[in-house]
Amino acid sequence: MQNIYVTHATPADAEMIANISRETFYDAFAEQNTKEDMDKFLAEQFSKESLMAEVGVDGHIFLLAYADNEPAGYVFLKIATEAALQNNKAMEVSRIYARKPFIGKGIGKMLLQAAFTEARLMEKEIIWLGVWEHNRRAIEFYTLFGFEKFSEHDFVLGTDVQRDWLMKYNL
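Chemist: Would you take a moment to explain the nonpolar core for this structure?
Modeler: Note that soluble globular proteins tend to have their nonpolar side chains buried in a common cluster. Among the nonpolar cores identified, the biggest contains 30 residues, and Val 75, Leu 77, Ile 127, Val 131, Tyr 142 and Phe 147 are the most heavily contacted of them. Setting aside chain neighbours within four positions, we find Leu 77 in contact with Gly 59, His 60, Ile 61, Leu 63, Met 91, Glu 92, Val 93, Ala 115 and Glu 118. Within the second largest apolar cluster, 21 residues are counted, among which are Ala 14, Ala 18, Phe 46 and Leu 64.

Chemist: I'm lost on the packing of aromatic side chains in this one. Help?
Modeler: Describing an aromatic ring pair means giving the distance of the ring centres and the angle of the ring planes. Applying the stated criterion across every chain, the model contains 17 aromatic pairs. Ring centres of Phe 29 and Trp 132 lie 5.9 Å apart, and the angle between their planes is 70°; this geometry places the pair in the edge-to-face category. Highlighted residues: Phe 29 in helix H1 (residues 14-29) and Trp 132 in strand S5 (residues 126-132), separated in sequence by 103 residues. For Phe 29, a relative accessible area of 13% translates into the label buried. With a relative accessible area of 12%, Trp 132 lands in the buried category.

Chemist: Please clarify how the pattern of salt bridges should be interpreted in this entry.
Modeler: Any two side chains of opposite charge can pair, so long as their charged atoms come close to each other. Scanning the model with the defined rule gives nine salt bridges in all. Glu 15 is paired through a salt bridge with Lys 48; the nearest N and O atoms lie 2.8 Å apart. Here the residue Glu 15 occupies a position in helix H1, and Lys 48 occupies one in helix H3 (residues 48-54), the gap between them amounting to 33 residues. The class for Lys 48 is partly exposed, based on a relative accessible area of 25%. The salt bridge partner of Glu 54 is Arg 95, with a shortest N-O separation of 2.4 Å. Of the two residues, Glu 54 is situated in helix H3 and Arg 95 in strand S4 (residues 90-98); the sequence distance between them amounts to 41 residues. Assigned by exposure class, Glu 54 and Arg 95 land together as buried. Residues joined in a network through salt bridges with shared partners are Lys 149, Glu 152, Asp 154 and Arg 163.

Chemist: Help me out: how do you make sense of the pairing of S5 in this one?
Modeler: Side-chain positions along a regular strand alternate between the two faces of the sheet. A large share of S5 lies buried, amounting to six of its seven residues. Sheet topology note: the S4/S5 ladder contains four bridges and is parallel. Counterpart to Val 93 in the pairing with S5 is Leu 129. On the question of chirality, the crossover connecting S4 to the parallel S5 by way of helix H4 (residues 107-121) is right-handed. In this sheet, strand S7 (residues 160-170) lies alongside S5 in antiparallel orientation, the contact comprising seven bridges. Bridge pairing in S7 links Trp 128 to Lys 168.

Chemist: Looking at this structure, how should I read the sheet that holds S4?
Modeler: Strand pairing in a sheet relies on backbone hydrogen bonds, with the paired strands running either antiparallel or parallel. Strand order across the open sheet formed by seven strands is S1-S2-S3-S4-S5-S7-S6, with mixed pairing between neighbours. Only two strands of the sheet have a single partner each, and these edge strands are strand S1 (4-8) and strand S6 (148-157). With direction set aside, neighbouring strand axes in the sheet form an average angle of 30°. With five bridges connecting them, S1 and strand S2 (residues 60-67) associate as antiparallel partners. If you follow Val 6 over to S2, its bridge partner there is Ala 65. Set on the sheet, helix H2 (residues 35-44) makes contact with S6 and S7; between it and S6 the angle comes to about 95°.

Chemist: Whenever I open this one, H1 confuses me. Can you help?
Modeler: Because each turn of an α-helix spans 3.6 residues, side chains separated by three or four positions in sequence point in the same direction. If you check H1, its first and last C-alpha atoms are 22 Å apart, about what 16 residues at 1.5 Å a residue would give, namely 22 Å. Every buried residue of H1 is listed here: Ala 14, Ile 17, Ala 18, Ile 20, Ser 21, Thr 24, Phe 25 and Phe 29. Down the axis of H1, the smallest arc covering the buried residues is 165°, so these residues share one side.

Conventions used here
Residues numbered from 1 in each chain as written. Predicted model: local features only at pLDDT ≥ 70, side-chain atom pairs only at ≥ 80, totals over all residues. Heavy atoms only, no water. Core = buried A, V, L, I, M, F, W, Y, C linked by side-chain atoms within 4.5 Å. Buried < 20%, exposed > 50% of the residue type's maximum accessible area, 1.4 Å probe, protein only. Contact = heavy atoms within 4.5 Å. Phe/Tyr/Trp six-rings, centres within 6.5 Å; stacked < 30°, edge-to-face > 60°. Helix = DSSP H or I, 4+ residues; strand = E, 2+ residues; numbered from the N terminus. Salt bridge = Lys/Arg side-chain N within 4 Å of Asp/Glu carboxyl O. Pairing = 2+ DSSP bridges. Right-handed = clockwise from strand over helix to strand, strands pointing away. Axes fitted to C-alpha atoms, helices over the stretch in contact; angles between N-to-C directions. Expected span 1.5 Å × (residues − 1). Arc of directions from axis to C-beta.

Encoded structure:
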């Protein structure tokens, strides 16, 4: 059994977070999207520089998961509201990623539980996220934790307009 733990990221972790972001996004979605759309998204919306700039911003919280001291994944939380929620006591799970070698090893579960703890410490009432409607494994994972779909919105990957389900969990 690996020693798995979660810790708060600092600006010094920005490059590692950006690298994990790009690696895991590509691993998760490249097979279902065109190379052109993936390349465009990674270059324009998910560049290493823009991802690094998110770390250390007020209202952004990054929690890193390690397995035997190797970076295994992270969760990016935003103190943000979703208009459809009409609630300013909400926190968004903007991204939750586990690196491919660590999928199925409890990383996602540990990160989501850490996100719940963080939201409760900040006296949030709702935690919410967006998930691609075709990402069945992720939807099943969130449903097991008690998330429920409450809305949908568009997500543009390159030139492809996709639908994300918005899901929430009442803390």
